[in-house]
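Examining the three-dimensional arrangement
As a plain string of letters, each chain reads:
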Amino acid sequence: MNKTLIVLGLVSATLVQGVSSANSQEIPSKVRSIIDGFLGEPAKTLPVYPDGAQTRAMNLARQAAERANGGLNNYRAETSMYGPATQSPYKDNGNGTLTFTFLGGRPAAPPTLKSVVTVSLTSDAVTLDFNEPIQLPRE
C-alpha cells in the first residue's frame, strides 16, 4: 500500500481522536510523532499562526492589489486569494510576515497583472512589493 495513504489514514485517525481531547495543542505533536515513527524521519513542522492572522493577511494582500488596480470594478485577484488562506499562494518569511504572490486582472478576463504583497501577521504593515503586467515568454 502507498505510504502516503497510510500516513494520511494515521493522521486522520489521530486528529479525530485528538479533537475530543481537552488539550488540542497536543494534536500536532501526536501527528508529528506518528509520521516520524512511520517514515523513520522527522516530519516537517508547519508554522502555527495566531487565530485568524493568516486569513487577515491574505485579505489585506488582496485588498492592497485591488486598491492599486482601481478597485473591484476594474480588478479581481485569482480565486486562490478568496478561498482558505492555507491554500493561498504565500511564503512565510520567517520574520512575522507572509508574502503573497498572485495574478489578477479585469473581472471575468484572463489575468494580466502579477502582484507581490508582504503583510505582517499582526496586520500593522502591508507593502505592495510588485504590481506589474505579466511578462509573457517571447517566441
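In short, a report on the structure. (Residues numbered from 1 in each chain as written. Predicted model: local features only at pLDDT ≥ 70, side-chain atom pairs only at ≥ 80, totals over all residues. Heavy atoms only, no water.)

What about the environment of Ala65?
Mapped onto the elements of the fold, Ala65 is located in helix 3 (residues 53-68). On the basis of relative accessible area, Ala65 is assigned to the buried category, the value being 0%. For the pair Ala65 and Leu113, spaced 48 residues apart in the sequence, the C-alpha separation amounts to 9.7 Å. Beyond its immediate sequence surroundings of up to four residues, Ala65 is in contact with Tyr75, Phe102 and Ser115. (Helix = DSSP H or I, 4+ residues; strand = E, 2+ residues; numbered from the N terminus. Buried < 20%, exposed > 50% of the residue type's maximum accessible area, 1.4 Å probe, protein only. Contact = heavy atoms within 4.5 Å.)

Let's talk about helix 3
Between its first and last C-alpha atoms helix 3 spans 22 Å; for 16 residues at 1.5 Å apiece the expected length is 22 Å, and the two agree. Contacts from the buried residues of helix 3 go to strand 1 (76-77), strand 2 (90-92), strand 3 (97-105), strand 4 (113-120) and strand 5 (126-133). The first or second residue beyond helix 3 is Gly70, which carries a positive phi of 95 degrees. (Expected span 1.5 Å × (residues − 1).)

Topic: the nonpolar core
Counting 18 residues, the largest nonpolar core has Ala61, Tyr75, Met81, Leu98, Phe100, Phe102 and Val117 as its most contacted members. Those elements giving two or more residues to this core turn out to be helix 3, strand 3 and strand 4. At six residues, helix 3 tops the list of elements feeding residues into this core. Those residues in contact with Phe102 that lie beyond four places of it in its chain are Ala61, Arg62, Ala65, Tyr75, Ala77, Glu78, Met81, Pro89, Leu113, Lys114, Ser115 and Val117. (Core = buried A, V, L, I, M, F, W, Y, C linked by side-chain atoms within 4.5 Å.)

Things to note about the side chain of Ser88
Relative to the helices and strands, Ser88 resides in the loop between strand 1 and strand 2. For Ser88, a relative accessible area of 7% puts it in the buried group. One polar contact links the side chain of Ser88 to the main-chain carbonyl oxygen of Ala85, over a distance of 2.6 Å. Among residues more than four places away in sequence, those in contact with Ser88 are Met58, Ser80, Met81 and Phe100. (Polar contact = N/O pair within 3.5 Å; in protein donor to acceptor, adjacent residues only side chain to side chain.)

A look at the pairing of strand 4
Burial of strand 4 is extensive: seven of the eight residues sit out of reach of the surface. Summarising the sheet, strand 3 and strand 4 pair through eight bridges and their orientation is antiparallel. Of the residues in strand 4, the one forming a bridge with Leu103 is Lys114. Bridge analysis of strand 4 against strand 5 gives seven bridges, and the strand direction is antiparallel. The residue of strand 5 that forms the bridge with Lys114 is Glu132. Hairpin remark: strand 4 followed by strand 5, antiparallel, with five residues in the connecting loop; positive phi at Ser123, about 65 degrees. (Pairing = 2+ DSSP bridges.)

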